[in-house]
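Structural description and commentary
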Amino acid sequence: MNIKIKVLAACLAAGLFSAPAYAINDWAGTSASQFLKIDAGSPRAQSLGNAYVSIADGPEALFWNPAGAASATSRELQFSYLDYLQGYKARTLGYLQPIGKTIIGVTLNYMDMSGFDYRDTEGRPQYSGSHPVQNFVGSLSLARGFFNQKLQIGGTAKYINEKLDSNRYTNVGFDVGAKLRLVNWLGLGGAIVNIGDKDDMPRGLRLGADLNTRYFTISGEYMDYRDDDARYGVGLEVHIPEDLLSVARFDLRVGYYTRDNTGISTSKGLQSLGLDETSKVSFGFGIYSSELFGYGASIDYAVTPFGALGTSQQIAVGIQF
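Residues numbered from 1 in each chain as written. Predicted model: local features only at pLDDT ≥ 70, side-chain atom pairs only at ≥ 80, totals over all residues. Heavy atoms only, no water.

The secondary structure content of the protein amounts to four helices and 16 strands. Relative to all contacts within the protein whose residues are 6 or more apart in sequence, the contacts with residues 24 or more apart total 54%. For the protein, the exposed area adds up to about 14900 Å²; of that, 61% sits on carbon and sulfur atoms. (Helix = DSSP H or I, 4+ residues; strand = E, 2+ residues; numbered from the N terminus. Contact = heavy atoms within 4.5 Å. Areas by Shrake-Rupley, 256 points an atom, 1.4 Å probe, with all protein chains shown as cover.)

Pasting the structure below:
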């Protein structure tokens, strides 16, 4: 890559995915395709502090742990929109198709950033074009459950197209994952993501567990990317069952993730809530109805304050048919 592209890639890695300069570790930004770390396609995972690998299900699982797709019993389609940081946005589409006991999943993920501030070595502004950053990931997944769904396994092959300025890079990566439900209230999960050339994508390991009851779920996850410090996430999801509301199931979610601090927000609303200095806490909710005009339907929303960098919000709508 030329100097301009290297600077752009380094700024994206530092500005979107890392701590302030004094806290960046020696490996930060040493892999390409840093956008693969963003929780696009999964508001539930975002709101639970990224503690999702053991409870992943539905089309969202295709972005986190493909084994979770094995629980699908009908066709499912989900669209999500992520308004991330510094003008970075993602639009994702996930689809599940059962074929016998095997589930086929397909995802499309398009991300871009506009208005990036280019500077030359003297600090003079440079023209960047309308969309200097454009990324696309398309994937195909297979998942299957065994022993009455006690064990679920899955795998994903994905095509990656990354644009930085006028340069494009393509690659192929793989994810593999498994979920084990030891008893109804205890589950384990794990996934290895972004398998491929270690210099071309951020390979990562996710391990997690959850305690699940009718009225709440507690989940935890350990995440270790090769170009970052190990991170931990915990989440709490409170369920109000559909039969109690007679309309839909309602979930309230909160999570904590050990990402680095990102400064102080100037938002008056966040200041009033005492969240102007945190990037570690996330919130969200989910609504699911099994009988909306004869179909299953869902809405999920998540928000994460990122201090001085802004606020990340994501919404998803899904249908089962």
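This next bit is on empty space enclosed by the protein. Summed over the entire model, instances satisfying the criterion amount to three cavities of 30 Å³ or more. The volume enclosed by the second largest cavity comes to roughly 250 Å³. Considering the residues around the second largest cavity, the lining is formed by 19 residues, among which Leu36, Phe63, Asn109, Val137 and Lys158 are closest to the centre. Broken down by secondary-structure element, the contributors of at least two residues to the lining of the second largest cavity are β3 (102-113), β6 (133-146), β7 (151-164) and β9 (186-195). In terms of residues, the lining of the second largest cavity owes the most to one element, β3, which gives three residues. For the lining of the second largest cavity, the residue count by class is ten nonpolar, five polar and four charged. (1 Å grid on protein atoms, 1.4 Å probe; cavity = no way out; pocket = protein on both sides within 12 Å on 5 of 7 lines; lining within 4 Å. Points joined across faces, edges and corners; volume = space filled by probe spheres on them. Nonpolar A, V, L, I, M, F, W, Y, C, P; charged D, E, K, R; others polar.)

In the structure shown here, the tally under the stated rule is six aromatic pairs. Ring geometry for Tyr52 versus Trp64: centroids 6.3 Å apart, planes at 70 degrees, classification edge-to-face. Pair noted here: Tyr52 is in the loop between α2 (43-47) and β1 (76-83) and Trp64 is in the loop between α2 and β1, with a separation of twelve residues, a long-range link. A relative accessible area of 0% places Tyr52 in the buried class. (Phe/Tyr/Trp six-rings, centres within 6.5 Å; stacked < 30°, edge-to-face > 60°. Buried < 20%, exposed > 50% of the residue type's maximum accessible area, 1.4 Å probe, protein only.)

The next point concerns the pairing of strand β2 (residues 88-99). On a regular strand, one side chain projects to one face of the sheet and the next to the other, so that they alternate. Residues Tyr88, Ala90, Thr92, Gly94, Leu96 and Pro98 line the buried face of β2, whereas the alternating positions Lys89, Arg91, Leu93, Tyr95, Gln97 and Ile99 sit on a face that is not buried. Summarising the sheet, β1 and β2 pair through eight bridges and their orientation is antiparallel. Pairing of Phe79 across the sheet is with Leu93, part of β2. Looking at chain direction, β2 and β3 are connected through twelve bridges and run antiparallel. Among the inter-strand pairings, Leu93 is bridged to a residue of β3, identified as Leu108. Where β2 folds back onto β3 in an antiparallel hairpin, the turn is made up of two residues, including Gly100, whose phi is positive at roughly 65 degrees. (Pairing = 2+ DSSP bridges.)

Bear in mind that shape data such as this cannot, by itself, settle questions of function.
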